Amino acid sequence: MAVHGVNKDPGGQVHPSTDPTALMPKDRIADSEADPRHAHRLVRDELLVEGNARLNLATFCQTWVEPEVVALAAETYDKNMIDKDEYPQTAEIERRCVNIIGGLWNAPAAIDADPTTKPVGTSTTGSSEASMLGGMALKRRWQGRRTAAGPPADRPNIVMGTNVQVCWHKFARYWDVDQRLVPVEGERYALNAEEAVKACDENTIGVVGVLGSTFTGEYEPIAEISAALDDLQARTGLDVPIHVDGASGGFVAPFLQPDLVWDFRLPRVKSINASGHKYGLAPLGVGWVLWRDAADLPEELVFHVNYLGGDMPVFAINFSRPGSQVIAQYYNFVRLGREGYRRIQQNAQNVALHLADEIEAMGPFRILTRGTDLPVLSWTMADGANFSVFELSEALRAYGWQVPAYAMPADLTDLAICRIVVRHGLRRDLADLLLDDMREVVDRFVGDPGRTPWTSVRTGFSHA
């Protein structure tokens with residue numbers, strides 16, 4: 001039996017431990033205080049066993065920020081984002097961010113000549129909360145229209161592909177909305193216009209189009225879906241709005257694909273969400289949701305709260321939260337501008353395209369997406385390969401790389417793929433180190449002609 005907090009000399013004599021962290025309880029609160037240096041060392045040392053975030057090629061979330069962002073976060077960690085009366089300049093910075101993002105997404109108010117009009121939106125803790133707010137607004141607007149017209153409003157549904165992020169499944173479950181899930185099939189890995197329209201009826205609160213699928217990184221054809229819904233309305237009278245989940249693409253398309261029409265240039269797009277902490281380049285903990293205009297955000301979702309002496313309109317799910325991430329987001333806008341964002345996203349895309357070319361040249365792989373939309377590439381195994389994507393993923397972990405392998409959603413669960421998210425901080429030299437390690441793994445597997453690939457999933461992965 002292990003004895004914690006003691007040492008044994010070579011003769012077997014037990015001595016009290018000289019390491020103060022060895023005596024600290026781990027899963028109950030201690031009876032007395034600890035030296036802050038010792039507590040810091042205890043926590044820091046435990047975290048050393050985790051993976052290197054920079055080598056995590058699974059997450060879309062930003063894992064590298066400039067030192068100035070770290071400094072700003074440390075200086076503003078104590079500002080409460082909800083307390084706009086006490087921290088009015090933080091509230092002003094949030095408003096500026098909404099206005100800037102509205103301009104990136106071509107919100108009518110952001111490009112209107114009237115300076116009194118402003119985009120309607122808010123910061124959130126991330127895209128999940130932002131998606132919930134967008135979905136709630138869709139449901140309330142649908143209920144209002146149904147109630148005014150007379151039909152029952154108790155069976156709302158929402159149309160989306162099975163490739164949506166899990167937050168949309170959570171929204172539907174938490175807010176009692178039926179999911180009309182369009183499965184992926186064949187060579188189609190995302191929602192298309194034809195299937196979206198087929199799933200709509202008079203109870204549809206909206207269609208969710210994804211600007212950057214978490215599975216493959218490809219953009220769904222928002223303009224085509226919008227045109228198909230225009231045609232549906234002309235034929236049937238059904239007016240189905242679109243919410244764009246731009247979790248990642250919302251901060252990529254404006255810079256890499258500025259001519260792509262996916263945003264508020266389409267009148268049917270009523271709301272858009274994005275993650276500031278993904279390709280918005282902010283540290284973890286900030287998302288954004290904007291509505292086309294005030295009429296698309298039902299007033300009953302806005303709370304007027306008397307908090308610490310001030311009246312504050314609030315339409316977020318969370319209440320108290322740090323303002324540092326919003327401030328860091330604003331720093332990025334001021335620091336980088338359009339040119340800087342374009343440079344960073346283009347560098348990421350260049351690395352993704354380079355990786356796709358080199359991985360394809362290795363032989364046993366079939367590239368599915370190359371990074372031409374988001375800087376994200378995905379691939380599956382070529383016919384006749386003697387190893388699986390799951391074995392590749394597990395082997396790369398030995399080198400420190402976290403490259404996810406997973407099955408596609410219904411009805412393509414028999415297709416297993418790998419995916420790499422190229423983020424700011426994954427430079428070309430790091431990508432080449434990854435390729436060197438991949439070649440070693442591939443050569444080892446291919447050099448064993450008697451082996452056969454795994455037939456079952458043996459790695460765990462959660463989309464984020």
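Overview of the structure.

Basis of the calculations
- Residues numbered from 1 in each chain as written.
- Predicted model: local features only at pLDDT ≥ 70, side-chain atom pairs only at ≥ 80, totals over all residues.
- Heavy atoms only, no water.
- Core = buried A, V, L, I, M, F, W, Y, C linked by side-chain atoms within 4.5 Å.
- Buried < 20%, exposed > 50% of the residue type's maximum accessible area, 1.4 Å probe, protein only.
- Helix = DSSP H or I, 4+ residues; strand = E, 2+ residues; numbered from the N terminus.
- Contact = heavy atoms within 4.5 Å.
- Pairing = 2+ DSSP bridges.
- Axes fitted to C-alpha atoms, helices over the stretch in contact; angles between N-to-C directions.
- Salt bridge = Lys/Arg side-chain N within 4 Å of Asp/Glu carboxyl O.

## Remarks on the nonpolar core
In step 1: Membership of the largest hydrophobic core comes to 55 residues, with the highest contact counts inside it found for Trp105, Val207 and Leu229.
In step 2: Secondary-structure elements contributing two or more residues to this core are α3 (88-104), α7 (193-198), α8 (222-236), β7 (242-245), α9 (253-256), β8 (269-275), β9 (287-291) and α10 (324-361).
In step 3: By residue number, the principal contributor to this core is α10, which donates 7 residues.
In step 4: Excluding its chain neighbours within four sequence positions, the residues that come into contact with tryptophan 105 are Gly250, Pro254, Trp262, Asp263, Phe264, Ile272, Asn273, Ala274 and Leu290.
In step 5: Within the second largest apolar cluster, 37 residues are counted, among which are Ala348, Met362, Leu392 and Ala405.

## Brief notes about the sheet that holds strand β5 (residues 178-182)
In step 1: A sheet is described by the order of its strands in space; here 7 strands give the open sequence β3-β9-β8-β7-β6-β4-β5, paired in mixed fashion. Of all the strands in the sheet, just β3 (120-124) and β5 have a single pairing partner and so form its edges. For this sheet the average axis-to-axis angle between neighbouring strands, irrespective of direction, equals 20 degrees.
In step 2: In this structure, strand β4 (residues 157-161) lies alongside strand β6 (residues 204-210), joined through 3 bridges in parallel fashion. Bridge assignment links isoleucine 158 to a residue of β6, and that residue is glycine 206.
In step 3: Packed onto the sheet, α3 meets β3 and β9 and runs at close to 65 degrees relative to β9.
In step 4: Together, β4, β5, β6, β7 and β8 form the strand contacts of helix α6 (residues 166-174), whose direction differs from that of β4 by roughly 165 degrees.

## With respect to the pattern of salt bridges
In step 1: For the structure on display, the rule yields 26 salt bridges.
In step 2: Across the salt bridge formed by aspartate 201 and arginine 180, the nearest N and O atoms sit 2.7 Å from each other. With aspartate 201 in the loop between α7 and β6 and arginine 180 in strand β5, this pair connects stretches of sequence that are 21 residues apart.
In step 3: Taking the relative accessible area as the measure of exposure, arginine 180 reaches 30% and is therefore partly exposed.
In step 4: Among the ionic pairs, aspartate 436 bridges to arginine 439, the shortest N-O distance being 3.2 Å. Here the residue aspartate 436 and the residue arginine 439 both occupy positions in helix α12 (residues 428-446), the gap between them amounting to 3 residues, near one helical turn.
In step 5: Since its relative accessible area comes to 29%, arginine 439 is described here as partly exposed.
In step 6: Through salt bridges with shared partners, a single network forms among Glu92, Arg95 and Arg96.

## Some thoughts on unusual backbone geometry
In step 1: With omega at 5 degrees, the peptide bond leading from alanine 410 into aspartate 411 counts as cis.
In step 2: Inspection of the secondary structure assignment puts aspartate 411 in the loop between β14 (405-407) and β15 (416-421).
In step 3: Located in the positive-phi region is leucine 281, a residue other than glycine, with phi close to 75 degrees.
In step 4: Locating leucine 281 in the fold gives a position in the loop between β8 and β9.
In step 5: What makes leucine 281 buried here is its relative accessible area of 5%.

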